Amino acid sequence: MAVANETDRRIVEQGFVDRVQHLARAANPAFAAGSLLVPLAFLGASLALGSTELLFYTHVAAGAVWFGFALIFPAIIGPTLGGLGEEASAAVTTTLVPKAVFFLVGFSLTTVLSGSVLLTPDLGLGYGFGGAWSGAALALGWGLFAFGIAVPHRLQLSAYYETLSPDPDASRLESIEKKNLVVGLSEGAMMLVLIVLMTGFRLGL
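Thresholds applied
Residues numbered from 1 in each chain as written. Predicted model: local features only at pLDDT ≥ 70, side-chain atom pairs only at ≥ 80, totals over all residues. Heavy atoms only, no water. Helix = DSSP H or I, 4+ residues; strand = E, 2+ residues; numbered from the N terminus. Expected span 1.5 Å × (residues − 1). Buried < 20%, exposed > 50% of the residue type's maximum accessible area, 1.4 Å probe, protein only. Arc of directions from axis to C-beta. 1 Å grid on protein atoms, 1.4 Å probe; cavity = no way out; pocket = protein on both sides within 12 Å on 5 of 7 lines; lining within 4 Å. Points joined across faces, edges and corners; volume = space filled by probe spheres on them. Nonpolar A, V, L, I, M, F, W, Y, C, P; charged D, E, K, R; others polar. Salt bridge = Lys/Arg side-chain N within 4 Å of Asp/Glu carboxyl O. Bend = angle between axes of the 7 residues up to and from the residue. Phe/Tyr/Trp six-rings, centres within 6.5 Å; stacked < 30°, edge-to-face > 60°. Lys NZ or Arg CZ within 6 Å of the ring centre and 35° of its normal. Core = buried A, V, L, I, M, F, W, Y, C linked by side-chain atoms within 4.5 Å. Contact = heavy atoms within 4.5 Å.

Caption draft 1: Highlighting helix H6 (residues 132-150). Over its 19 residues, H6 runs 26 Å from end to end, which matches the ideal 27 Å to within 8%, given 1.5 Å per residue. Among all positions of H6, only Ser134, Ala137, Leu140, Gly141, Leu144, Phe145 and Gly148 are buried. Here the buried residues of H6 occupy an arc of 140 degrees about the axis, which is enough to place them on one side. Facing away from the buried side of H6 by over 90 degrees, the exposed positions are Ala132 and Ala139.

Written out as C-alpha cells, the structure is:
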C-alpha cells in the first residue's frame, strides 16, 4: 500500500498511549487539540459566566454536530470509500479517521457534559426538569457517548490500522464497512429516541 510507510505500519503493535500520540500526529496536533478544547471552552465559559442560555446553545450546537457527523459517516462517507479504488480509499481513510476521532470525542463529550449540567438543578444552571423524561434522556445521552467510544470509533480505527498493516485484507475492510453501516443505523435510531425524550420534557409532556 503506497500511502503507508514502515513507521506508520509499526503503530499497530504499540500501546494505547503511543496510538493516541500517533493519531494526534496524523490528525495534526493543532487540529486534535482544537477539536477537544474549542467545544469544551464554550462549556467552561458557560459555567464561568453562569449563563444558562450559553450553556443551552452550547449543548444544542455540539449535539447537532455530533449527531450529524455520526450519521453522515456510515451513511455517506463509508459507502463512498467503498466505491473508491484501493489506494484512493486508503489515502482518504488514513487522513480522515484520525481527525474524525478527535472531532467526535470533543463534540460528543461537550454534549453530554453540558446536558448533565442543564439537568442538574443543584449546579444553578439547570432547567430544573426532573422525573422520567429528563432521567431517561440523560442516561441515554451518556449511553450513546459510551457506545460511540466502544463501537463506531473502534470500527473506524480497525479500518485505519488495517489500512496501515503490511498486507491490508480487503475482505476484512469490507466486513468492517458493513458493520459500520449497521452500527450507524442503530446509533441513528438511538439518537432519534433521545431527541423524542428531550422534546418530551421540554414541552412538559
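Caption draft 2: A look at empty space enclosed by the protein. Applying the stated rule across the entire model yields one cavity of 30 Å³ or more. Roughly 160 Å³ of volume is contained in the largest cavity. Lining of the largest cavity is provided by 18 residues; of these, Ala70, Leu104, Pro152, His153 and Glu187 occupy positions nearest its centre. For the lining of the largest cavity, the elements supplying multiple residues, two or more each, are helix H4 (52-82), helix H5 (86-118), H6, helix H7 (152-164) and helix H8 (170-202). If one sorts the elements of the lining of the largest cavity by residue count, H4 sits on top with five residues. Class assignment for the residues of the lining of the largest cavity results in 11 nonpolar, six polar and one charged.

Caption draft 3: Local environment of the pattern of salt bridges. Applying the stated criterion across every chain, the model contains two salt bridges. With a closest N to O distance of 2.9 Å, Glu162 and Arg172 form a salt bridge. Linking Glu162 in helix H7 with Arg172 in helix H8, this pair joins segments that are 10 residues apart in sequence.

Caption draft 4: Representation of the environment of Leu185 in the model. Relative to the elements of secondary structure, Leu185 occurs in helix H8. Between the C-alpha atoms of Leu185 and Ala75, which are 110 residues apart in sequence, the distance is 8.2 Å.

Caption draft 5: Spotlight on unusual backbone geometry. In this structure, Asn28 takes a positive phi of about 90 degrees despite not being glycine. Secondary-structure assignment places Asn28 in the loop between helix H2 (16-27) and helix H3 (29-49).

Caption draft 6: Layout of H4. The first and last C-alpha atoms of H4 sit 44 Å apart over 31 residues, in line with the 45 Å expected at 1.5 Å per residue. The largest bend in H4 is about 45 degrees, located at Phe73, with the proline Pro74 one to four residues further on.

Caption draft 7: Geometry of the packing of aromatic side chains. Across all of its chains, the model carries seven aromatic pairs by this definition. Arranged with centres 5.8 Å apart and planes meeting at 85 degrees, the rings of Trp142 and Phe145 form a pair that is edge-to-face. Taken as a pair, Trp142 and Phe145 lie in helix H6 at a separation of three residues, close to a single helical turn. Residue Trp142 is classed as partly exposed on the basis of its relative accessible area, which comes to 33%. Using a relative accessible area of 15% as the deciding quantity, one classes Phe145 as buried. Joined through ring pairs, the aromatic side chains of Phe69, Phe73, Phe103 and Phe107 make up one cluster. The ring of Tyr161 carries Arg19 above its face, with NZ or CZ at 4.4 Å from the centroid.

Caption draft 8: Spatial organisation of the nonpolar core. Listed in full, the 12 residues of the largest apolar core are Trp66, Phe67, Ala70, Leu104, Val112, Ala137, Leu140, Leu144, Phe145, Met191, Leu194 and Leu197. Elements with a minimum of two residues in this core: H4, H5, H6 and H8. With four residues, the top contributor of residues to this core is H6. Setting aside chain neighbours within four positions, we find Ala70 in contact with Leu104, Glu187 and Met191. With 11 residues, the next largest nonpolar core counts Ala32, Leu157, Tyr160 and Leu164 among its residues.

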